[in-house]
Amino acid sequence: MSSGKETWRLTALAAAVGLAVAAGSVAAAGPWDSGQRTAERARAAAQERRPGGAQHAGPEPGAAAPVLAALGAPTGSGTPGTGEDAVPPPTASGLADALEPLLDDQALGPVRTASVVDAATGRQVYGAGAGTGATPASVIKLATGAAVLSALGPEHRLSTRVADGGKGRVILVGGGDPTLTARAVQGGDHPASLRELADDTARALKKRGTRRVSLGFDTSLYSGTVQHPIGPNENISPVTPLMADEGRLDESDHGPAPRSGDPAADAARTFAAMLRDRGVAVKGEPNGAKAAKDADVLATVRSQPLSALVERMLTTSDNDIAEALARHTALAAHRPASFTGAARAVTDRLKKLGVPVTGAKIADGSGLDRADRVSAGLLSQVLVRAADGEHPELRPVITGLPVAGFTGTLRGRYAQDAVGRGVVRAKTGTLTGVNTLAGTVVDADGRLLVFAFMTTGTTDALGAQRALDRLASAVANCGCR
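**Student:** An account of helix 10 (residues 319–332) is requested, with residue identities and associated values reported.
**Tutor:** Taking 1.5 Å of rise per residue, 14 residues should cover 20 Å, and helix 10 covers 20 Å from first to last C-alpha, within 8% of that figure. Of all 14 residues in helix 10, 12 are buried, a share of seventy percent or more. The inward-facing, buried residues of helix 10 contact helix 6 (141–152), helix 9 (306–316) and helix 11 (339–352). Of the residues that open helix 10, the one with a side-chain oxygen 3.0 Å from the backbone nitrogen of D320 is D318.

**Student:** Explain the sheet that holds strand 1 (residues 111–118) to me, using residue names and the numbers behind them.
**Tutor:** Strand order in the open sheet made by the five strands is 2-1-12-11-10, with antiparallel pairing throughout. With partners counted over all chains shown, the strands left at the sheet margins are strand 2 (124–128) and strand 10 (425–431), one partner each. Neighbour-to-neighbour, the strand axes of this sheet turn through a mean angle of 5°, independent of strand direction. Along the sheet face, helix 12 (residues 376–387) touches strand 1, strand 11 (434–442) and strand 12 (448–456) and points at about 155° away from the line of strand 12.

**Student:** I'd like to hear about the sheet that holds strand 4 (residues 159–166), residue by residue, with values.
**Tutor:** Spatially, 7-6-5-4-8 is the arrangement adopted by the five strands of the open sheet, whose pairing is mixed. Looking at strand neighbours, the two that pair on one side only are strand 7 (281–288) and strand 8 (297–302), the edges of this open sheet. In this sheet, neighbouring strand axes are inclined to one another by 20° on average, regardless of whether the strands run parallel or antiparallel. Where helix 7 (residues 194–207) meets the sheet, it contacts strand 4, strand 5 (169–173), strand 6 (212–218) and strand 8, and its direction lies at approximately 165° from that of strand 8. Running at roughly 170° to strand 7, helix 8 (residues 263–277) makes contact with strand 4, strand 5, strand 6 and strand 7 of the sheet.

**Student:** I'd love a proper account of unusual backbone geometry, names of residues and values included.
**Tutor:** Positive phi is not limited to glycine here, since K167 has a value of about 55°. Its place among the elements puts K167 in the loop between strand 4 and strand 5. Given a relative accessible area of 89%, K167 falls into the exposed group. The backbone phi angle of S317 is positive, close to 55°, even though this residue is not glycine. Looking at where S317 falls in the secondary structure, it is placed in the loop between helix 9 and helix 10. Assessed through its relative accessible area of 0%, S317 is described here as buried.

**Student:** Account for the packing of helix 6 against helix 11, with residues named and values stated.
**Tutor:** Where helix 6 contacts helix 11, the axes come no closer than 9 Å and their chain directions differ by 75°. As the angle between them shows, helix 6 and helix 11 are arranged roughly perpendicular. Between helix 6 and helix 11, the residues in contact are A143, A147, S150 and A151 and V346, R349 and L350, respectively.

Rules behind the numbers
- Residues numbered from 1 in each chain as written.
- Predicted model: local features only at pLDDT ≥ 70, side-chain atom pairs only at ≥ 80, totals over all residues.
- Heavy atoms only, no water.
- Helix = DSSP H or I, 4+ residues; strand = E, 2+ residues; numbered from the N terminus.
- Expected span 1.5 Å × (residues − 1).
- Buried < 20%, exposed > 50% of the residue type's maximum accessible area, 1.4 Å probe, protein only.
- Contact = heavy atoms within 4.5 Å.
- Polar contact = N/O pair within 3.5 Å; in protein donor to acceptor, adjacent residues only side chain to side chain.
- Pairing = 2+ DSSP bridges.
- Axes fitted to C-alpha atoms, helices over the stretch in contact; angles between N-to-C directions.
- Parallel < 35°, antiparallel > 145°, perpendicular 65-115°, else oblique.

Such coordinate-based values are descriptive only and should not be taken to indicate function.
Quick look at the structure:
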């Protein structure tokens with residue numbers, strides 16, 4: 001290693017230390033844990049849980065975006081396909097020398113694949129079974145995020161409304177916003193508030209002279225089964241277009257939690273109680289209904305933009321948001337908003353983005369379904385598109401990635417790996433026997449690289465995670481020639 005590279009490495013490490021100070025508010029925005037069935041659950045449960053709904057103090061998830069520039073991201077004007085860049089990429093042989101000994105780690109399962117791609121050119125500079133399909137677990141959320149952003153754009157918002165049902169009846173219409181909250185909200189652009197919806201609805205009814213209504217709730221936006229194939233599970237609620245606080249039955253706002261068996265009915269009952277508190281009597285129990293297409297709208301609340309929802313989904317590994325965004329991708333494509341329709345719509349969107357989908361099988365939006373099969377090459381190309389200046393709409397896929405040692409599902413990792421801490425930005429994926437990691441690094445020469453590492457058949461989850469973390473750190477530490 002040349003003295004110049006050693007100097008750059010020390011600079012990168014110093015920058016990572018500086019990130020600990022500069023991004024203190026980002027770290028404070030957690031703690032966040034994976035929403036999957038992971039072996040980390042015991043550790044995650046021991047961490048502090050924050051009350052207060054679906055918002056976090058401090059920056060939005062992914063607000064540490066400047067870390068790439070701070071660590072010397074290339075300043076050349078090249079984009080994928082141009083090959084014009086200020087810093088040369090690593091060589092395949094150099095990366096092989098760095099990565100192949102780490103890929104032999106016995107903590108990794110018998111299926112282990114890798115793809116490292118130069119973000120500026122889109123060319124793969126190292127691969128090991130990069131085209132082989134494997135269970136992605138939660139890293140499939142990268143594909144979900146890219147697909148919905150491509151379909152609807154980062155500024156799109158999801159609406160929940162109350163419609164006039166006629167004859168003294170109002171209907172709460174689910175708009176597919178899993179971040180709708182019944183808790184108190186603060187700040188300017190906060191998640192959609194059921195309390196604000198009740199305020200506006202009560203005001204509109206009183207203006208009409210109506211102080212007594214019956215309440216229906218409309219879940220017709222989605223179709224097909226509401227139950228995820230894994231069955232009732234504390235990592236995901238039934239997938240319905242109407243829910244408050246993701247159907248959680250405790251005060252948590254991320255990670256595993258007891259879940260409602262009927263989040264739509266529970267949200268409607270909560271809304272009815274809010275109307276009563278605001279001086280509007282609600283007769284009987286809310287029941288299922290369908291609002292007429294031309295019904296008068298009494299009140300509407302809107303979610304944060306998709307950019308914020310995608311960032312939150314990736315940073316916290318939120319399964320409920322993932323399944324909702326997959327269904328909105330289906331709706332944008334005029335497909336049924338079901339598991340099947342969403343899977344086809346996401347696949348079609350990736351194909352339109354030029355991502356290699358041959359042989360891929362996307363079964364859900366969250367990665368909880370073990371029927372999902374994608375390659376490391378597909379995941380790395382999703383990240384290449386998101387880093388491409390020609391696709392600014394996909395940028396939240398990058399800004400939502402957890403930062404090693406600081407945010408989201410990587411907050412508690414990299415404690416023993418100072419090289420990657422603050423430098424690696426990556427989406428984690430964990431199911432029993434499955435461990436994956438895909439994200440971005442700036443290497444020791446200042447080159448932006450994307451990577452995807454996948455392994456199946458692991459028996460030591462923590463050991464597998466550490467092995468994946470070492471692989472990502474090796475890419476970050478490598479100016480491999």
